Amino acid sequence: MVRFTVAVTDHGFADLEIERSILEPIGCELVEGNCRTAEEAAALCEQADAVLTTFAPLNAQAIARMNKCRIIVRYGVGVDNVDVDFASGRRIPVVNVPDYGVHEVADHTLALLLAMVRQIPQIAANVRAGIWDPMPCRPLIGLGGKSLGLAGFGGISREVAKRASAFGLSVAAYDPYVSEDTFRRSGVKQVGWDTLLSESDIVSIHLPLTAQTRHLFGADAFRQMKRTAYLVNTSRGGVIHSGDLAAALENGQIAGAALDVVEEEPIAPHHVLLDSNRCLITSHCAWYSEESLVRLQRYAAMEIKRLFSDETPRHIVNRAALNKE
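Here the residue index of a chain counts from 1 through its sequence in written order. Note on the predicted model: pLDDT of at least 70 is required for a residue's local features to be given, and 80 or more for side-chain atom pairs to be given and counted; whole-chain, interface and lining totals, by contrast, use all residues. To get the side-chain values, all heavy atoms of the structure are used, and hydrogens and water are removed first.

Student: Please clarify how the overall build of the protein chain should be interpreted in this entry.
Tutor: Along the backbone of the protein chain there are twelve helices and twelve strands. Throughout, the radius of gyration refers to the C-alpha atoms, and the reference size of a globule is 2.2 Å times the residue count to the power 0.38. Taking 2.2 N^0.38 as the reference for a compact globule, 325 residues should give roughly 20 Å; the C-alpha atoms of the protein chain span a radius of gyration of 22 Å, in line with that estimate. With respect to the principal axes defined by its C-alpha atoms, the protein chain has extents near 70 × 45 × 30 Å. Within the protein chain, the fraction of its 325 residues that count as buried is 49%. Contacts are assigned to residue pairs with any non-hydrogen atoms lying within 4.5 Å of each other. Taking the intrachain contacts of the protein chain between residues at least 6 apart in sequence as the baseline, contacts between residues at least 24 apart amount to 61%. Computed by Shrake-Rupley with a 1.4 Å probe, the accessible areas treat only the displayed protein chains as cover when residues are assessed. On the protein chain, roughly 15,900 Å² of surface is accessible, and the fraction owed to carbon and sulfur atoms is 52%. Charged-residue counts in this description rest on Lys and Arg as positive and Asp and Glu as negative, His and the chain ends being excluded. For the purpose of locating charges, the reference atoms are NZ of Lys, CZ of Arg, CG of Asp and CD of Glu. Where the 32 positive side-chain charges of the protein chain centre and where its 39 negative ones centre are 5 Å apart. Counting from the N terminus, the helices are DSSP H or I runs at least four residues long and the strands are E runs at least two residues long. Burial status follows relative accessibility: with a 1.4 Å probe on protein chains alone, a residue under 20% of its type maximum counts as buried, one over 50% as exposed, and anything between as partly exposed.

Dropping the structure here:
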């Protein structure tokens, strides 16, 4: 007997059998959509008790038409496509899945860092072109004794710190929302924003995209960084001003950048950053492994199951929505 309807606005999975195996036993029916607009999402979710979403725009207009919705779950970490403030006003908890790909993103961050600093793509391209040079792309730096600065010190960033220490990097981080005790227990030095920029040989970004962090890495930030410094971003593309980054690379304000995310995705074929041999870009794939796919589907479905089983979901973005006053 169907007790609840779960609308899935959009997804990129082969199927939803994992979600069904978790939710159907408690009386949920999944209604699958392929929503690209807020109007399509509103129509699909109008009578849904719960919503699973990936990229569909759930703006105020779409959420306002959700007559029965008790929870919105985003497949992923960011909730950029959901009007969280409006959902809070409707007392609808918005839930993300921050822990499904932590190790994959940390691994990818170090892979980008190593490939960038050691200039692996350029050297491999030279070998394919018939150039065999035992000392290529000079000067290459060693990592031992260099400093890694982490912008943000959440779960992924802490895993990056563990990996980085194995390469002999000294690690510092900036995050005003993390306790001194957490830094101390992690063995990572807590620093201010200006110090992070000016003293780091490599800066790795691990920040959510908010009004405060959008374009945080722009012309001013690049001017504060060492001219020999490298930048890595596996968080959100909008944290970096693409035009300012391109100028900083062109002018030699920083030595290089490695990005898994950009402001507009997919990146335009003739984007200026693609023409820079100082910039390495991958396709927003840091999160991905076959194992993380399974975790993402399972963890998202479990959050809905918790709510409908009178439990509290684990990762509520807007806890104020639970206030019954």
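Student: Any chance you could explain the sheet that holds strand E6 (residues 147-151) here in plain terms?
Tutor: By way of backbone hydrogen bonds, the strands of a sheet pair with one another, either parallel or antiparallel. With parallel pairing, seven strands are arranged side by side in an open sheet as E8-E7-E6-E9-E10-E11-E12. Single-partner strands in this sheet number two, and they are strand E8 (189-190) and strand E12 (279-281). Think of it this way: DSSP has to see at least two bridges between two strands before they count as a pair.

Student: Explanation requested: empty space enclosed by the protein in the structure shown.
Tutor: Where empty space is left can be seen by rolling a probe of water-molecule size over the atoms. Here a cavity means grid points, on a 1 Å grid over the protein atoms only, where a 1.4 Å probe fits yet cannot get out; a pocket means an open set of points with protein on both sides within 12 Å along at least five of seven lines; lining residues are those with an atom within 4 Å of a point. Grid points are joined across faces, edges and corners, and a volume is the space filled by probe spheres set on the points. Counting across every chain of the model gives one cavity of 30 Å³ or more. Space inside the largest cavity adds up to approximately 30 Å³. Gly 237, Ile 240, Ser 242, Leu 245, Leu 259, Val 261, Val 262, Glu 263 and Leu 273 are the residues that line the largest cavity. Within the lining of the largest cavity, the residues separate by chemical class into six nonpolar, two polar and one charged. Classification used: nonpolar for Ala, Val, Leu, Ile, Met, Phe, Trp, Tyr, Cys and Pro, charged for Asp, Glu, Lys and Arg, polar for all others including Gly.

Student: Explain the layout of surface pockets here, please?
Tutor: There is about 440 Å³ of room inside the second largest pocket. For the second largest pocket, the lining is made up of 21 residues, of which Gln 119, Gln 122, Ala 255, Asn 277 and Arg 278 are closest to its centre. Going through the elements one at a time, helix H5 (102-117), helix H6 (120-128), strand E11 (256-259) and E12 are the ones with two or more residues in the lining of the second largest pocket. For the lining of the second largest pocket, the residue count by class is twelve nonpolar, six polar and three charged.

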